[in-house]
Amino acid sequence: MTFPTLFRGGQLFDGDRFLEADCLRTDAGGKIVEIGATLEPKPGEEVVELEGKWLLPGLVDCHVHFREPGLERKEGYAFGSAGALHGGVTTVGEIQNNPPLMDSVAELTQKLSKLRGVSRVDYMPYGSLVEPALPELPGIDRHCAAVKCFLGCSTGAGGVDDAATMRRWFQAAAEAGIKVVAHCEDNHIMASADAKYGNDPELASRHDLRRPVEAEVQSVQDAIAVAEEVGLALHVFHISTYAAARLVIEAAKRGLPVTGSTAPHYLLIEAEEAHRRGQNRFKVNPSIKYAEDRAGLLQLVASGALPVVGTDHAPHPLEEKNRPYAKAPSGFPSVDLLLPLMVAAADMAEVSPEAFLHAVTKGPAEEFGLGKKGRLAVGADADLVIADAQAKRVVEESTLPSRSKWSPYQGRELRAFPERVYLRGSLVFADSRVQGEPLGEPLFA
Ligand SMILES: [Zn+2]
């Protein structure tokens, strides 16, 4: 249920900065209608006293894998979206990387409609840029914000590793006017690393050596070159190296429609620590890199040069992660902790959190054309998060709502866990659990 509500006495973050105003009013239609200082309640209006806590726009995670349809045993939207709310996320950009890929308008529209009544957050699946999708690209922008391309194999789901194919696919997307979001790692460089380290008893399980810095840098360089040649809008997902992030930023400075994002683990963790953490918990593609990469990426997010962060939430059962290195799948859950992780990254950079909050609110909303999301503004959706910035808690994985019930951040002390979350004016998360029926709506039809 949605009631006209006055939130008052809080620290309001509008998607760019904390405001002087401490009150926000929403209407029965689930929109923000007024922001101001010391607003007084109107007759019939509910009042939520914020008592100095943060009031943030619902977070936008532009990169999750919920594995529905096809692999619900690993997550599914019912669990995945509950986890999202736990992390303060009310909108997800979701990538299908298990069959059936989103390689046709029919697949996309079916998925968009089937998730009504299942998802607890608003959702926008990306299309899949694979061979069968090429004839479907003209007009596909009515059904998704972008199409996903794997450069370098990550999951076995439709990767491309030869330059001619990449050029043909990028050309087709450019002609259709649809943005490409890409996973960039060079297969040939990774194959050389496999040959070098694959049988080394000490180093074979060093994921940072098997998927090295150069693999990402080379792939990003190639992708930008081809994007420039064919006139493509390109977004490089989950950048793990400082060098690749700088390539993206330099391309944008040259006026190209090239953007990028990183992920919380590249801001918080380094290769040694990732390697030490057992059970392959931090095994992820791209691999987690080094101190200079982490510091460089933190600085780029803090300065606003890299204004988007997405989790790459990719759950697997812990028993699968716990296999020997070579057989363990890559990826881990993290949408369920997104707000506290971003605050931790800001703390690590020793800066106030605005730029880090921007990177999971207005930053991704602007990147993917979501004008009503990721901001506190009159007319925007009343997607809201209340969090006590000072309240600390140790991550206890058994309490997380995601299906896999584990976290690589187990035991880490974090702050600013969401206390209450509203989706278009309805209270959907409180007292550490989801509230009511799933109300998530598709952002495309
Ligand atoms: Zn991913």
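Keep in mind that what you see is a predicted model, and the values were worked out from it rather than measured.

Caption draft 1: Representation of the sheet that holds strand 9 (residues 122-125) in the model. Read from one edge of the open sheet, three strands run 7-8-9, paired in parallel fashion. Strands at the two margins of the open sheet, each flanked by one partner only, are strand 7 (59-64) and strand 9. Between one strand and the next, the sheet's axes are offset by a mean angle of 20°, whatever the strand orientation. Contacts between helix 1 (residues 76-86) and the sheet are confined to strand 8 (89-94) and strand 9, with strand 8 contributing the most and set at about 130° to the helix.

Caption draft 2: Structural view of the nonpolar core. Core analysis: the largest hydrophobic core is formed by 117 residues, its most contacted members being Leu137, Phe170, Val180 and Leu234. With eight residues, helix 12 (residues 338-349) is the single largest residue contributor to this core. Taken together, domain 1 (5-55 + 379-390 + 413-434) and domain 2 (58-367) each give at least three residues to this core, which thus spans both. In contact with leucine 234, not counting residues within four places along its chain, are Phe170, Val180, Ala182, Ala223, Ile224, Ala227, Pro257, Val258 and Thr259. Leu50, Leu55, Leu376 and Tyr422 belong to the second-largest nonpolar core, a separate cluster that totals 13 residues.

Caption draft 3: A look at the coordination of the zinc ion. Ligation of the zinc ion by protein atoms is provided by His63 (NE2), His65 (NE2) and Asp312 (OD), these donors lying 2.0 to 2.1 Å from the ion. Written as a sequence motif, the donor residues of the zinc ion are H-x1-H-x246-D. The buried category is assigned to histidine 63, whose relative accessible area is 1%.

Caption draft 4: Broad picture of the environment of aspartate 347. Examined against the element boundaries, aspartate 347 turns out to sit in helix 12. Looking at aspartate 347, the relative accessible area reads 37%, which means it is partly exposed. The spatial distance from the C-alpha of aspartate 347 to the C-alpha of arginine 415 is 10.0 Å, given a sequence separation of 68 residues. Among the polar contacts made by the side chain of aspartate 347, one reaches the side chain of arginine 415 at a distance of 2.9 Å.

Thresholds, definitions, all that
Residues numbered from 1 in each chain as written. Predicted model: local features only at pLDDT ≥ 70, side-chain atom pairs only at ≥ 80, totals over all residues. Heavy atoms only, no water. Pairing = 2+ DSSP bridges. Helix = DSSP H or I, 4+ residues; strand = E, 2+ residues; numbered from the N terminus. Axes fitted to C-alpha atoms, helices over the stretch in contact; angles between N-to-C directions. Contact = heavy atoms within 4.5 Å. Core = buried A, V, L, I, M, F, W, Y, C linked by side-chain atoms within 4.5 Å. Buried < 20%, exposed > 50% of the residue type's maximum accessible area, 1.4 Å probe, protein only. Domains from an automatic or database assignment. Donors = N, O, S within 2.8 Å, 3.2 Å for Na, K, Ca; no water. Polar contact = N/O pair within 3.5 Å; in protein donor to acceptor, adjacent residues only side chain to side chain.

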